[in-house]
Amino acid sequence: MSLAPPSTDGSAVRKQVLVFRELPPDQLARLTAVHDVTVANPRKPDERALFDAALAQAHGLIGSSFPIDAAVLARAPRLQVVSSISVGVDNYALDALQARGIVLCHTPGVLDETVADSVFALLMATSRRLVELSQLVREGRWTHNIGEDLFGSDVHGKTLGLLGFGRIGQAVARRAALGFGMPVMYHARRPVDLATQAPELQGKAIHAPLPVLLAQADFVVAMLPLSDSTRGMVNADLFAAMKPGAIFINGGRGATVVEQDLLHALDHGPLRAAGLDVFATEPLPLASPLRTHPRVTPLPHIGSATHDTRHAMAALATTNLLQALAGERPAAVYPPAHA
Ligand SMILES: NC(=O)C1=CN([C@@H]2O[C@H](COP(=O)(O)OP(=O)(O)OC[C@H]3O[C@@H](n4cnc5c(N)ncnc54)[C@H](O)[C@@H]3O)[C@@H](O)[C@H]2O)C=CC1
Ligand SMILES: O=C(O)C(=O)CO
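Rules of the game
- Residues numbered from 1 in each chain as written.
- Chains lettered and ligands numbered in written order.
- Predicted model: local features only at pLDDT ≥ 70, side-chain atom pairs only at ≥ 80, totals over all residues.
- Heavy atoms only, no water.
- Helix = DSSP H or I, 4+ residues; strand = E, 2+ residues; numbered from the N terminus.
- Rg over C-alpha atoms; globule rule 2.2 N^0.38 Å.
- Buried < 20%, exposed > 50% of the residue type's maximum accessible area, 1.4 Å probe, protein only.
- Contact = heavy atoms within 4.5 Å.
- Areas by Shrake-Rupley, 256 points an atom, 1.4 Å probe, with all protein chains shown as cover.
- Lys, Arg positive; Asp, Glu negative; His and termini not counted.
- Charge placed at Lys NZ, Arg CZ, Asp CG, Glu CD.
- Near = heavy atom within 4 Å.
- Polar contact = N/O pair within 3.5 Å; in protein donor to acceptor, adjacent residues only side chain to side chain.
- Nonpolar A, V, L, I, M, F, W, Y, C, P; charged D, E, K, R; others polar.
- Expected span 1.5 Å × (residues − 1).
- Patch = residues over 30% accessible without salt bridge, like charges linked within 9 Å, V, L, I, M, F, W, Y side chains within 5 Å.
- Salt bridge = Lys/Arg side-chain N within 4 Å of Asp/Glu carboxyl O.
- pLDDT = per-residue confidence, 0-100.
- Arc of directions from axis to C-beta.

*Asks:* Explain the overall build of the protein chain to me, using residue names and the numbers behind them.
*Replies:* For the protein chain, the count of helices and strands is 13 helices and 13 strands. In terms of C-alpha radius of gyration, the protein chain reaches 22 Å, essentially the compact-globule figure of 20 Å for 339 residues. If you line up the protein chain on its principal axes, its C-alpha atoms span 75 × 50 × 35 Å. Looking at the protein chain residue by residue over its 339 residues, the buried ones come to 47%. A sequence separation of at least 24 residues applies to 61% of the contacts in the protein chain between residues at least 6 apart. For the protein chain, the accessible area works out to roughly 16,400 Å², and carbon and sulfur atoms hold 56% of it. Here the protein chain contributes 29 positive and 30 negative side-chain charges, whose respective centroids are spaced 1 Å apart.

The structure is reproduced here in structure tokens:
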């Protein structure tokens, strides 16, 4: 990792910072107090030229939801640090960053509980058919008591299968196990030592072989990062191994799922329903069948989208950037030192 050297005479060195997604005013003020800042969103056609010009000078980038790929990096010869306002790092050319010694920072931890709330909201909405039944009321179709054809399925006491058991997966597991009495099974790269990392889940969550998890889970929740090893991981084979009537929730990244296979599992079994916060292409194309499928509850990638949490993410990303540009080790570097 190459970090900027501290100034030898003790004075702060102003650097060039490019903000490529809006920052809250208080966080922007922290940056402008110390550095020369350009705000330009490359997704906005009228800001693209400003973005390109600032990129050529930038020592630091901060933002989210825009791919900082090898071609973008090639146009940033002075770059020292990229600070993402997200925990997911799939928008960044990791190899190119590493090859150039550019520090990558992200925002783990501060969004866990909010994202887990969102995932649980999807789980509740799909199982109890909340969106569909609310629509029935709004459209004046509540003219008599609903019949069995519109009943939902229980959540409490049912088995949760988690694909991914990291910070957010564990926050989902706490809600399920401690709040809803749900047995939890998880699949991850390696078992988690619950005694030291999540003692409240001891005896309540188990690391299970994937076929066992898929065969037993009433709810399968994917909370996976997108990487070479997870792209397309949730495919026809996995859907076919799920329990008849299972509900699938994706709160991680859309491209970890083969969407055609998901549609097939909805239309031909075994899935009863799906709740999706993320999609392979975002925003979800109008032509996608997932947008209108009657048993899909789609959301526009809102996992962390509360005022409090988005502010906390922006603050952590700003701190990361300031620390890295000052030659210090940032609070949250990717990959973390222990990885
Ligand atoms: N919908 C939304 O708004 C949000 C989505 N996310 C997504 O959620 C992801 C997870 O976030 P965290 O829990 O903080 O990450 P984390 O790094 O703490 O946990 C990741 C988990 O996935 C597992 N995993 C990774 N590769 C795997 C593989 N090939 N097979 C099986 N398991 C594998 C790891 O073992 C770990 O249990 C983020 O990378 C991001 O993509 C994060 C925040 C908000
Ligand atoms: O942080 C992330 O990775 C998101 O998807 C948005 O919070």
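That covers the picture; the talk isn't over yet.
*Asks:* Residue-level account of the site of ligand 2, with values.
*Replies:* Near ligand 2 the following residues occur: Ser86, Val87, Gly88, Leu111, Arg253, His301, Ser304 and Met313. Contact distances for ligand 2 include 2.8 Å between an oxygen atom and a backbone N or O atom of Val87. Compared with its free state, where it exposes 230 Å², ligand 2 has 87% of that area covered by protein. When grouped by side-chain class, the residues that make up the shell around ligand 2 number three nonpolar, four polar and one charged.

*Asks:* Explain helix 13 (residues 307-325) to me, and be specific about the residues and the numbers.
*Replies:* For helix 13, built from 19 residues, the straight-helix expectation of 27 Å at 1.5 Å per residue is met to within 8% by its first-to-last C-alpha distance of 27 Å. Turning to helix 13, its buried residues are Thr309, Met313, Ala314, Ala315, Leu316, Ala317, Thr318, Asn320, Leu321, Leu322, Ala324 and Leu325. Just downstream of helix 13, Gly327 is the residue with a positive phi angle, here 85°.

*Asks:* How would you sum up the site of ligand 1? Please name residues and give values.
*Replies:* As a matter of local geometry, ligand 1 sits amid 26 residues, with Phe165, Arg167, Ile168, Ser229 and Asp277 nearest to it. Here Gly303 contributes a backbone N or O atom positioned 3.3 Å from an oxygen atom of ligand 1. Taken by itself ligand 1 offers 870 Å² of open surface, and the protein chains cover 89% of this.

*Asks:* I'd love a proper account of a nonpolar patch on the surface, names of residues and values included.
*Replies:* On the surface, Val137, Trp142, Ile146 and Phe151 cluster together to form a nonpolar patch covering roughly 420 Å² of accessible area. Residue class for Ile146 comes out partly exposed when judged on its relative accessible area of 35%.

*Asks:* Break down the pattern of salt bridges for me, citing the residues and quoting the values.
*Replies:* Applying the stated criterion across every chain yields a total of 13 salt bridges. Between Lys44 and Glu47 there is a salt bridge, and its shortest N-O distance comes to 4.0 Å. Accessibility expressed as a relative area gives 35% for Lys44, which makes it partly exposed. Between Arg175 and Asp117 there is a salt bridge; the shortest N-O distance is 2.8 Å.

*Asks:* If you had to explain the confidence of the model for the protein chain to someone new, which residues and values would you point to?
*Replies:* For the protein chain, mean pLDDT is 96; residues scoring 70 or higher make up 96% of the total. Overall, residues 1-10 carries pLDDT values under 50, and its contacts beyond four positions in sequence, including any with other chains, amount to 20 contacts. Here the prediction assigns the complex a pTM of 0.96, and the interface score ipTM is 0.99.

*Asks:* Before we move on, can you summarise helix 11 (residues 259-268) with the specific residues and values?
*Replies:* Buried within helix 11 are the following residues: Glu259, Leu262, Leu263, Ala265 and Leu266. Seen from one end, helix 11 has its buried residues packed into an arc of 160°, which puts them on one side. Relative to its buried face, helix 11 has exposed residues pointing more than 90 degrees away, namely Gln260 and His268. For helix 11, the elements touching its buried residues are helix 10 (236-240), strand 10 (246-250), strand 11 (271-276), helix 12 (289-292) and strand 12 (296-298). With its phi angle positive at about 90°, Gly269 sits one or two positions after the end of helix 11.

*Asks:* Describe the environment of Asn235, and please don't skip the residues or the numbers.
*Replies:* Positionally, Asn235 belongs in the loop between strand 9 (219-222) and helix 10. Sequence spacing of Asn235 and Ala265 is 30 residues, and the spatial spacing of their C-alpha atoms is 9.7 Å. The contact partners of Asn235, leaving out residues within four places of it in the chain, are Val258 and Asp261. For Asn235, the side chain forms a polar contact with the main-chain nitrogen of Asp237, separated by 3.1 Å.

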